[in-house]
Amino acid sequence: MSKFILSFSDADIIQNGKMILSKVSIDVLPGEFVFLIGRTGTGKSSLIRTIYGDLELTEGLGHVVGFDLTKIKNKEVSMLRKSIGVVFQDFKLLPDRNIYKNLQFVLKATGWKDNEKIDSRIDEVIEMVGMKVDKNKFPSELSGGEQQRIAIARALLNKPHLIIADEPTGNLDPQTSQEIMRLFKSLHKQGITILMATHDYNMIVKFPGRIFKCEEGKVFEVVTKK
């Protein structure tokens, strides 16, 4: 069993038959906060999609929360995703369901059956993201920041070992972006490993962490001066 929660060695990231990133080698320990940076189109999202099993890994080695990405079967991908929370730039909340039913849908889809436990867990994650909100409200009735908090709550439902955030502040104003970053940092302090793709360098300065950069088909660690 690897000591790393996320590990790639000489992995080629391929999408639609095209090499996006080559010979990727990354190790992330449990409890780390890691930024993935790079310009649009440099492969950040493709790497993230590989991590949560949306893109197949055929060359090199890759392990995420105990799953071998080179050997993972289709039926195991759902188990992998249950161990990972994913937060997207555009929230991806279901517009035809209220907050409660958005969160309930995920729990039922991942095997929860006890309605009391479902209700309790939904209340817990909403509190974890610092919201006091009417759960009957629909996503369209929420601000962008509120929608992202609900999206983060959704990512927390199954007590993930790792949260992956793909440009989570990309659609938010600067003040709301800082509030969302502070939320991620508070979750990190609770022991959750976080990998965040971003092109917002101001956030990296204000909320330090390890940094990997995608550039010209490669991924390398950026060493910052203390």
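Remember, it's a predicted structure, so these values are computed and weren't measured experimentally.

Thresholds, definitions, all that
Each chain carries its own residue numbering, running from 1 in the written order of its sequence. Two thresholds apply to this predicted model, a pLDDT of at least 70 for residue-level local features and 80 or more for giving and counting side-chain atom pairs, whereas whole-chain, interface and lining totals are computed over all residues. Side-chain metrics rest on all non-hydrogen atoms present in the structure, leaving aside hydrogens and water. Helix numbering and strand numbering both begin at the N terminus, where a helix is a DSSP run of H or I of at least 4 residues and a strand a DSSP run of E of at least 2. Here the radius of gyration uses the C-alpha set of atoms, whereas the globule reference equals 2.2 Å times the residue count to the power 0.38. Exposure is judged per residue with a 1.4 Å probe applied to protein chains only, and the accessible area is read against the type maximum: over 50% gives exposed, under 20% gives buried, and values in between give partly exposed. By definition in these notes, contact holds between two residues if any of their heavy atoms fall within 4.5 Å. Counting rule applied: Lys, Arg positive; Asp, Glu negative; His and chain ends not counted. Where a charge lies is defined by one atom per residue type, namely NZ (Lys), CZ (Arg), CG (Asp) and CD (Glu). Each reported salt bridge corresponds to a side-chain nitrogen of Lys or Arg within 4 Å of a carboxyl oxygen of Asp or Glu. Given the number of residues in a helix, its expected span is that number minus one, multiplied by 1.5 Å. When DSSP finds two or more bridges between a pair of strands, those strands are recorded as paired. Axis geometry follows a simple rule: fit a line to the C-alpha atoms, using only the stretch in contact for helices, then measure angles between N-to-C directions, giving values from 0 to 180 degrees. Here, nonpolar core means buried Ala, Val, Leu, Ile, Met, Phe, Trp, Tyr and Cys residues that are tied together by side-chain atoms lying within 4.5 Å of each other. Roughly parallel here means an angle under 35 degrees, roughly antiparallel means over 145, roughly perpendicular means 65 to 115, and every remaining angle is called oblique. If you view the pair so one helix is near and one far, a crossing is left-handed when the near helix is turned anticlockwise from the far one by less than a right angle, and right-handed when it is turned clockwise. Residues are grouped as follows: Ala, Val, Leu, Ile, Met, Phe, Trp, Tyr, Cys and Pro are nonpolar; Asp, Glu, Lys and Arg are charged; all remaining types, including Gly, are polar.

Another point: the overall build of the protein. Counting secondary structure elements, the protein contains seven helices and ten strands. Taking 2.2 N^0.38 as the reference for a compact globule, 226 residues should give roughly 17 Å; the C-alpha atoms of the protein span a radius of gyration of 17 Å, in line with that estimate. When its C-alpha atoms are laid out on the principal axes, the protein stretches across 45 × 40 × 30 Å. Considering the protein as a whole, with its 226 residues, one finds that 48% of them fall into the buried category. For the protein, the share of sequence-separated contacts (at least 6 apart) that also reach a separation of at least 24 residues comes to 69%. Put simply, the protein has 33 plus and 28 minus side-chain charges, and the middle of one group is 2 Å from the middle of the other.

Moving on, we come to the pattern of salt bridges. Applying the stated criterion across every chain yields a total of ten salt bridges. A salt bridge links R97 to D96; the shortest N-O distance between them is 4.0 Å. With relative accessibility at 30%, the residue R97 sits in the partly exposed group. You can call D96 exposed: its relative accessible area is 58%. Look at the salt bridges and you will find they share partners, linking E32, R210 and E221 into a network.

Here helix 5 (residues 144-156) spans 19 Å end to end across 13 residues, near enough to the 18 Å set by a 1.5 Å rise per residue. Burial runs high along helix 5: eleven of the 13 residues are buried. For helix 5, the full list of buried residues reads G145, Q147, Q148, R149, I150, A151, I152, A153, R154, A155 and L156. The inward-facing, buried residues of helix 5 contact strand 6 (84-88), helix 3 (99-109), helix 4 (115-128), strand 7 (162-166) and helix 6 (174-189).

Moving on, we get to the sheet that holds strand 5 (residues 67-68). Each strand in a sheet pairs with its neighbour through backbone hydrogen bonds, running either in the same direction (parallel) or in the opposite one (antiparallel). In space, the four strands of this open sheet follow the order 2-1-4-5, with antiparallel pairing throughout. With partners counted over all chains shown, the strands left at the sheet margins are strand 2 (18-28) and strand 5, one partner each. Note: strand 1 (residues 6-15) against strand 2, seven bridges, orientation antiparallel. The partner of A11 across the bridge, within strand 2, is V24. Sitting on the sheet, helix 1 (residues 44-51) touches strand 1, strand 2 and strand 4 (59-64), and the angle it makes with strand 1 is about 115°.

Take the nonpolar core next. Core analysis: the largest hydrophobic core is formed by 38 residues, its most contacted members being F35, L103, I152, L156, F184, I194 and M196. Where this core is concerned, the elements lending two or more residues are strand 3 (33-37), helix 3, helix 4, helix 5, strand 7, helix 6, strand 8 (193-197) and helix 7 (201-206). Apart from the residues lying within four places of it in its own chain, the contact partners of I194 are E32, F33, V34, L162, I163, F184, L187 and H188. Among the nonpolar cores identified, the runner-up in size contains 33 residues, and L36, F67, L80 and V219 belong to it.

Our focus in this paragraph is the packing of helix 3 against helix 4. In contact at an axis separation of 10 Å, helix 3 and helix 4 are set at 120° when each is read in the N-to-C sense. In this view, helix 3 runs oblique relative to helix 4, as classed from their interaxial angle. Crossing geometry of helix 3 relative to helix 4 is assigned as right-handed. Judged by residue contacts, I99, Y100, L103, Q104, L107 and K108 of helix 3 engage N115, I118, D119, R121, I122, V125 and I126 from helix 4.

Moving on, we get to the pairing of strand 10 (residues 218-222). Bridge analysis of strand 9 (residues 210-215) against strand 10 gives five bridges, and the strand direction is antiparallel. Looking at strand 10, one finds that I211 is bridged to V222. Taking the residues between adjacent antiparallel strands as the criterion, strand 9 and strand 10 are bridged by two residues, where E216 takes a positive phi near 50°.

Packed helix pairs are characterised by how far apart their axes lie and by the angle those axes make with each other. At a minimum axis separation of 9 Å, helix 3 and helix 5 run at an interaxial angle of 25°. Overall, the two elements helix 3 and helix 5 adopt an arrangement that is roughly parallel. In this structure, the crossing between helix 3 and helix 5 has a hand that is right-handed. Here I99, L103 and V106 of helix 3 come into contact with helix 5, specifically with I150, A153 and R154. The residue makeup of the contact of helix 3 with helix 5, split by class, is five nonpolar, no polar and one charged.

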